[in-house]
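# Observations on the model geometry
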Amino acid sequence: MKYIFALLTFLLFFSGCSTTTYTKQISSGLIDNNEIIINARDGSFKLKGEFTPPFRSTTHYHSLNISGEKLIKGYQHALDFGAKHVLVKVPSREKELFGVLSLDNADERGFGPGVSSYKIIIPEPYTTAAKDGKISVVYEYYNIKNDALFDNSNIKKYSWILWLSDEDIFK
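Residues numbered from 1 in each chain as written. Predicted model: local features only at pLDDT ≥ 70, side-chain atom pairs only at ≥ 80, totals over all residues. Heavy atoms only, no water.

### Points about the sheet that holds strand β6 (residues 97–103)
- One open sheet accounts for 7 strands, arranged β3-β2-β5-β6-β10-β9-β7; its pairing is antiparallel. Lying at the two open borders of the sheet, with one neighbouring strand each, are β3 (46–47) and β7 (110–111).
- As paired elements, strand β5 (residues 84–89) and β6 share 5 bridges and run antiparallel to each other. Bridge pairing in β6 places valine 86 opposite glycine 99. (Pairing = 2+ DSSP bridges. Helix = DSSP H or I, 4+ residues; strand = E, 2+ residues; numbered from the N terminus.)

If you want it as structure tokens, here you go:
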């Protein structure tokens, strides 16, 4: 009996510390360049300039569990959690780029501009890197507030992620 009590106490204590809720809905967005247009592949939305998010995904990547090669290949996971196939028109390219766009809710402990609105910036070097079937990834992140038990200052959570390629590889 004392083992059951100890187990329940352990589970209660540690499950409370590890839960994260993504309850802050980000209600607006801006694509910083009016020449950039993001269209849903299925025709369900078009983003240009200021926008209201047309969907929400629940990907919830953060810098401690995904970066580098994992982030580059993470588009399939994102699609499983509500990200959308898109076509992206950028001024430096004649043809649209293929992509996957994830627009997530924010962690309730988050702070900074990325928790109040999406600001989609697609620098030209990232569109240039998306050639010959290679994947380029752009994103915005925000920081997490420290709590009484943990130093969260090195955790960055992504509010949006956009995977890009010149070839239709995001199937």
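### A look at the pattern of salt bridges
- One pass over the structure, following the stated rule, counts 3 salt bridges.
- The salt bridge partner of arginine 109 is aspartate 107, with a shortest N-O separation of 2.9 Å.
- Taking relative accessible area as the criterion, arginine 109 reaches 24% and is therefore assigned partly exposed.
- A relative accessible area of 0% places aspartate 107 in the buried class.
- The salt bridge partner of aspartate 107 is lysine 157, with a shortest N-O separation of 3.1 Å. Taken as a pair, aspartate 107 in the loop between β6 and β7 and lysine 157 in strand β10 (residues 156–165) lie far apart in primary sequence, 50 residues in all. Across this residue pair, the class does not change: aspartate 107 and lysine 157 are buried.
- Taken together, the shared-partner salt bridges connect Asp107, Arg109 and Lys157 into one network. (Salt bridge = Lys/Arg side-chain N within 4 Å of Asp/Glu carboxyl O. Buried < 20%, exposed > 50% of the residue type's maximum accessible area, 1.4 Å probe, protein only.)

### What to know about the nonpolar core
- Of all hydrophobic cores here, the largest spans 28 residues; its most connected members are Ile38, Val88, Leu101, Ile122 and Leu162.
- Sorting the residues of this core by element identifies β2 (37–40), β5, β6, β8 (118–120), β9 (136–144) and β10 as the ones contributing at least two each.
- Grouped together as the second largest cluster of nonpolar side chains are 13 residues, Val137, Ile161, Trp163 and Phe170 included. (Core = buried A, V, L, I, M, F, W, Y, C linked by side-chain atoms within 4.5 Å.)

### Concerning unusual backbone geometry
- Of note in this structure, aspartate 132 is not a glycine but carries a positive phi near 55°.
- Of note, aspartate 132 is situated in the loop between α4 (124–129) and β9.
- Residue class for aspartate 132 comes out exposed when judged on its relative accessible area of 59%.

### Regarding the side chain of serine 136
- Residue placement: serine 136 occurs in strand β9.
- On the basis of relative accessibility, which here comes to 4%, the residue serine 136 falls in the buried class.
- A distance of 2.9 Å separates a polar side-chain atom of serine 136 from the backbone oxygen of tyrosine 126.
- Residue contacts for serine 136: discarding those within four places in its chain leaves Tyr126, Ala129, Ala130, Leu162, Trp163 and Leu164. (Polar contact = N/O pair within 3.5 Å; in protein donor to acceptor, adjacent residues only side chain to side chain. Contact = heavy atoms within 4.5 Å.)

### Considerations on the packing of aromatic side chains
- Counted by the stated rule, this structure contains 4 aromatic pairs.
- Ring centres 4.8 Å apart and planes at 85° place the aromatic pair tyrosine 75 and phenylalanine 170 in the edge-to-face group. Taken together, the positions of tyrosine 75 in helix α3 (residues 75–80) and phenylalanine 170 in the segment after β10 put the pair 95 residues apart, joining distant regions of the chain.
- Over the aromatic face of phenylalanine 55 sits the side chain of lysine 84, whose NZ or CZ is 5.7 Å from the ring centroid. (Phe/Tyr/Trp six-rings, centres within 6.5 Å; stacked < 30°, edge-to-face > 60°. Lys NZ or Arg CZ within 6 Å of the ring centre and 35° of its normal.)

### A word on the environment of serine 57
- Tracing the backbone shows serine 57 in the loop between β4 (50–51) and α2 (68–72).
- Looking at serine 57, the relative accessible area reads 1%, which means it is buried.
- The residues touching serine 57, leaving out its near neighbours within four places in the chain, are Phe81, Gly82, Ala83, Ser102, Leu103, Asp104 and Asn105.
- Polar contacts involving the side chain of serine 57 include one to the side chain of serine 102, which spans 3.0 Å.

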